[in-house]
Amino acid sequence: MKILVIDDDAALCRSLQIHLERDGHFVRSCHTAREGMSLHAEGGFDLTFVDLKLPDGSGLDVLKAIRDAESPGLAVMITGTQDMKATIEAVRLGAFDYIRKPLDLEAVLIAVEKAAQEQIRAKSKRRVPLEQAFHPREIVGASRSIVEVIKQVGVLSQNRIPVLIEGESGTGKELVARALHEATSPGKPFVAINCSSVVPTLLESELFGHVRGAFTGADHDKVGRLEHAGEGTVFFDEIGDMAVDLQAKLLRAIQERSFEPVGGVKCIPLRARIVAATHRDVESMVASGAFRGDLYYRLGVSTIRVPPLRERRDDIPLLTSHVLARVSQELHRCVSHVDDKAMRCLQAYDWPGNVRELENVLTRAVLLARTDTLLEDNVAASIGDRPAAYAGPEAPVKTLRDAERDHVERALRSTGWNVTQTAALLDISPTTLRKKIHDYELNAPADK
Ligand SMILES: Nc1ncnc2c1ncn2[C@@H]1O[C@H](COP(=O)(O)OP(=O)(O)OP(=O)(O)O)[C@@H](O)[C@H]1O
Ligand SMILES: [Mg+2]
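All of the points below concern the structure found in this document. (Residues numbered from 1 in each chain as written. Chains lettered and ligands numbered in written order. Predicted model: local features only at pLDDT ≥ 70, side-chain atom pairs only at ≥ 80, totals over all residues. Heavy atoms only, no water.)

**Considerations on the pairing of strand E8 (residues 163-166)**
Stated precisely, the cut-off is as follows: Relative accessibility under 20% of the residue-type maximum defines a buried residue, over 50% an exposed one, and the middle range a partly exposed one, all with a 1.4 Å probe and only protein chains included. Numbering of helices and strands runs from the N terminus; a helix is a DSSP stretch of H or I covering at least four residues, while a strand is a stretch of E covering at least two. In this description, strands pair whenever DSSP reports at least two bridges between them.
Residue alternation in E8 divides its side chains into two sets, Val163 and Ile165 and Leu164 and Glu166, and both sets are buried. Where E8 and strand E16 (residues 303-305) come together, 3 bridges link them in parallel fashion. Directly across from Leu164, in E16, lies its bridge partner Thr303.

**Comments concerning the sheet that holds strand E12 (residues 233-237)**
Stated precisely, the cut-off is as follows: Lines fitted to C-alpha atoms define the axes, with helix axes restricted to the stretch in contact, and inter-axis angles between N-to-C directions lie between 0 and 180 degrees. By definition in these notes, contact holds between two residues if any of their heavy atoms fall within 4.5 Å.
Sheet architecture is open: 5 strands sit in the order E9-E12-E15-E8-E16, paired in parallel fashion. Of all strands in the sheet, those with a lone pairing partner are strand E9 (190-194) and E16, marking the two edges. Averaged over all pairs of adjacent strands, the angle between their axes in this sheet comes to 20°, without regard to strand direction. As defined by bridge partners, E9 adjoins E12 across 5 bridges and the pair is classed as parallel. When the sheet's bridge partners are listed, Ala192 is paired in E12 with Phe235. Lying on the sheet, helix H6 (residues 144-156) is in contact with E8, strand E15 (273-278) and E16; it crosses E16 at an angle near 160°.

**Points about the nonpolar core**
Using the following cut-off: In this text, buried Ala, Val, Leu, Ile, Met, Phe, Trp, Tyr and Cys residues form a nonpolar core when linked through side-chain atoms within 4.5 Å.
Residues Phe236, Ile239 and Met242 are the most contacted members of the largest nonpolar core, which totals 32 residues. Where this core is concerned, the elements lending two or more residues are E9, helix H8 (200-208), E12, helix H10 (244-256), E15, helix H11 (282-287) and helix H12 (293-299). Looking at this core, the element that brings in the most residues is H10, giving 5 residues. Among residues more than four places away in sequence, those in contact with Phe236 are Ile193, Cys195, Leu207, Leu226, Met242, Leu250, Ile274, Val275, Ala276 and Ala277. Counting 25 residues, the second largest nonpolar core, distinct from the first, contains Leu309, Leu324, Val361 and Ile383.

Shown next, in the form of structure tokens:
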């Protein structure tokens, strides 16, 4: 590799040069920010070590110049003191790794090793195309079950009968409700009301409105959400949490296509379409008397069941690409690739929180990513330490090689990736450990 070292400590530069050249690398070094930037601009460096404090400026400015260069290569920050702010800034500026002074040669060699792996990976990485026009309301997915949902939306958009959307938390029920609304009454209001977050006593007047003097504090007429929605859609989220007496009133409004505001006598026509969603098993709530059977049957004439993500794992790559495009845009990061192993990790996980959890995990992983590629480590760290769900309850017996790989990785994690300590722990030499790190393509988590 072609390596550039920018550090004002001439002795340190020389020592790094000797060691790295011994390992077959080509090394240039210089001692000021200005020299560093002009050397880097000559191009061709695969890896640049930049000291944070340089005599004529900050290493952060050098990082900025590297980031904006035509062929930036990778950069590793060298920090003298523990400086969280500068470290964060360095990561934001795209530093691939950072190491602390006094320099531990092992740490330098590991950084070089990781950079070499990153180069190989960059050549073979899978390209997740960034979506040009990002449609926030699109139901993404190509699995049979999600295509079925989309088809149902199409069919139901041809009429205005009530629809009940069932599915676990985070599966995309609201997204489906909006898609149905847009297909049925484009341009008309979509009024969402969360039955579990509005105090039951207020929900009635929220929905139907009230007239002045209807109750203490009602000092003016209030238009309810059903009226607000006009010819659009009223979306009752978490309908399972609606109080039973209010359920009766809603049912009457649906049946009679009209309702009266609280305290009023004037009959207001109900023109909006009613769409409801729930993550609960309403059928068993009906059996126990917690939900009115008549309302359930009325709403359930047309039911859309949104399947959990673990039942449509084929959709995970597509969803990942879609979510990455959005998250990158929001966080001003350009993470557009997913390493194969990271993708396998995403597809193996059970996603109890469904697409919302996938969004959260990818957001965390993007923040951890040091390059434009999400690595397995970024994903695993973001999913959290839940090996049971990750490996699945019936994980097959591992090969000895895989077991050793996992064991080495665990040992490294336990010492915070300190090679000397880990080697001692495993009772092998640091050289052997480094070889294993290389052979097994192990990567220190991004925040180490
Ligand atoms: N098929 C999909 N394509 C794209 N984005 C999706 C898809 N399904 C869900 N999402 C996204 O996942 C997040 C959760 O979706 P949504 O809020 O619709 O779920 P929900 O079922 O209503 O969840 P909850 O029960 O927790 O309210 C949203 O940001 C949504 O845009
Ligand atoms: Mg919801």
